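Here are the chains, one letter per residue:
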Amino acid sequence: QVQLVESGGGLVQPGGSLRVSCAASGRTFSTNCMGWFRQAPGKEREFVAAISSTGITTYYADFVKGRFTISRDNGKSTVYLQMNSLKPEDTAVYYCATAPSRRLCTRDATYYDYWGQGTQVTVSS
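Please read all numbers here as calculations on a predicted model, not as lab measurements. Each residue is numbered by its place in its chain's sequence as written, counting from 1. Local features in this predicted model are restricted to residues of pLDDT 70 or higher, and side-chain atom pairs are both shown and tallied only at a pLDDT of 80 or more, whereas totals for entire chains, interfaces and linings draw on every residue. For the side-chain quantities, the full set of heavy atoms in the structure was used; hydrogens and water were omitted.

(A) Expanded view of the pairing of strand S11 (residues 119-123). Type-normalised accessible area, obtained with a 1.4 Å probe on protein chains alone, sets the label of each residue: buried when under 20%, exposed when over 50%, and partly exposed for intermediate values. For helices the rule is a DSSP run of H or I covering at least 4 residues; for strands it is a run of E covering at least 2, with both sets numbered from the N terminus onward. Of the two faces of S11, only one is covered, namely that formed by Thr119, Val121 and Val123; the face formed by Gln120 and Thr122 stays uncovered. In short, DSSP must find at least two bridges between two strands for them to pair. Pairing between strand S2 (residues 10-12) and S11: three bridges, direction parallel. What sits directly across from Leu11, in S11, is Thr122. Here three bridges tie strand S9 (residues 92-98) to S11, and the two strands are oriented antiparallel to one another.

Below, the structure written as structure tokens:
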């Protein structure tokens, strides 16, 4: 059974940094694109970032370019999202997701077949 467990969320002041992690199990991690999405109250879930199975190629939503960095450690079956220069509008529940094996990454949430439970990130003074 595939499991994704996010951690590292919390409360941070505007302009601060936070790193969230997602540990995967139950599937060969190194063959899957991994993505991060977020959902704010009253809003639809939106794409944040994705990383190819090898970690060579990354994709970002325009609103996080230059501030967020996605990375992965295939040896630890973990994907990370480093978030810098955080803004109040970044407040949301952040979810990681895994795509089917050996498929290219996409920004389409319906493409990902397993999801974590989410971790809350709150940016507030």
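We are not done yet, so read on.
(B) Representation of the nonpolar core within the structure. By nonpolar core is meant a set of buried Ala, Val, Leu, Ile, Met, Phe, Trp, Tyr and Cys residues that side-chain atoms within 4.5 Å join together. Of all hydrophobic cores here, the largest spans 35 residues; its most connected members are Trp36, Leu81, Met83 and Tyr94. Among the secondary structure elements, those contributing two or more residues to this core are strand S3 (18-25), strand S4 (34-39), strand S5 (46-51), strand S7 (68-73), strand S8 (78-83), S9 and S11. Top element by residues in this core is S5. It accounts for five residues. Note on contacts: a residue pair qualifies if any of its non-hydrogen atoms lie within 4.5 Å across the two residues. Apart from residues lying up to four places away in sequence, Tyr94 is in contact with Glu6, Trp36, Phe37, Arg38, Val48, Phe68, Leu81, Met83, Gly118, Thr119 and Val121.

(C) Representation of the sheet that holds S8. If you trace the four strands from one edge of the open sheet to the other, you get S1-S3-S8-S7, paired in antiparallel fashion. Of all the strands in the sheet, the pair left with one neighbour each is strand S1 (3-7) and S7. Strand-to-strand twist across the sheet, computed as the mean angle between neighbouring axes with direction ignored, equals 15 degrees. When S1 meets S3, the two strands line up antiparallel, connected through five bridges. Within S3, the position partnered with Ser7 by the bridge is Ser21. Simply put, an axis is a line fit to the C-alpha atoms, just over the touching stretch for a helix, and the angle between two N-to-C directions goes from 0 to 180 degrees.

(D) Expanded view of the side chain of Thr98. Looking at where Thr98 falls in the secondary structure, it is placed in strand S9. Leaving out residues up to four positions away in the same chain, Thr98 has contacts with Val2, Leu4, Arg27, Asn32, Cys33, Met34, Tyr112, Asp113 and Tyr114.

(E) Summary view of the state of the cysteines. The disulfide definition used here is simple: a pair of cysteine sulfur atoms within 2.5 Å. Within this structure, the stated rule accounts for two disulfides. Each disulfide pairs two cysteine sulfurs, and for Cys22 the partner residue is Cys96, the sulfurs being separated by 1.9 Å. Judged by the sign of its S-S torsion, about 50 degrees, the cystine formed by Cys22 and Cys96 is right-handed. Note that Cys22 is positioned in strand S3 and Cys96 in strand S9, a separation of 74 residues in sequence. Like Cys96, Cys22 is buried. Two residues, Cys33 and Cys105, share a disulfide whose sulfurs are 2.0 Å apart. One quick way to see it: the torsion about the S-S bond of Cys33 and Cys105 is about 115 degrees, and its sign makes the bridge right-handed. Here Cys33 is found in the loop between S3 and S4, whereas its partner Cys105 is found in the loop between S9 and strand S10 (114-115), with 72 residues between them in sequence. The exposure class assigned to Cys33 is buried, which follows from its relative accessible area of 1%. Here Cys105 falls in the buried class, since its relative accessible area comes to 15%. Listing the disulfide partners of the chain by sequence rank of the bonded cysteines yields 1-3, 2-4.

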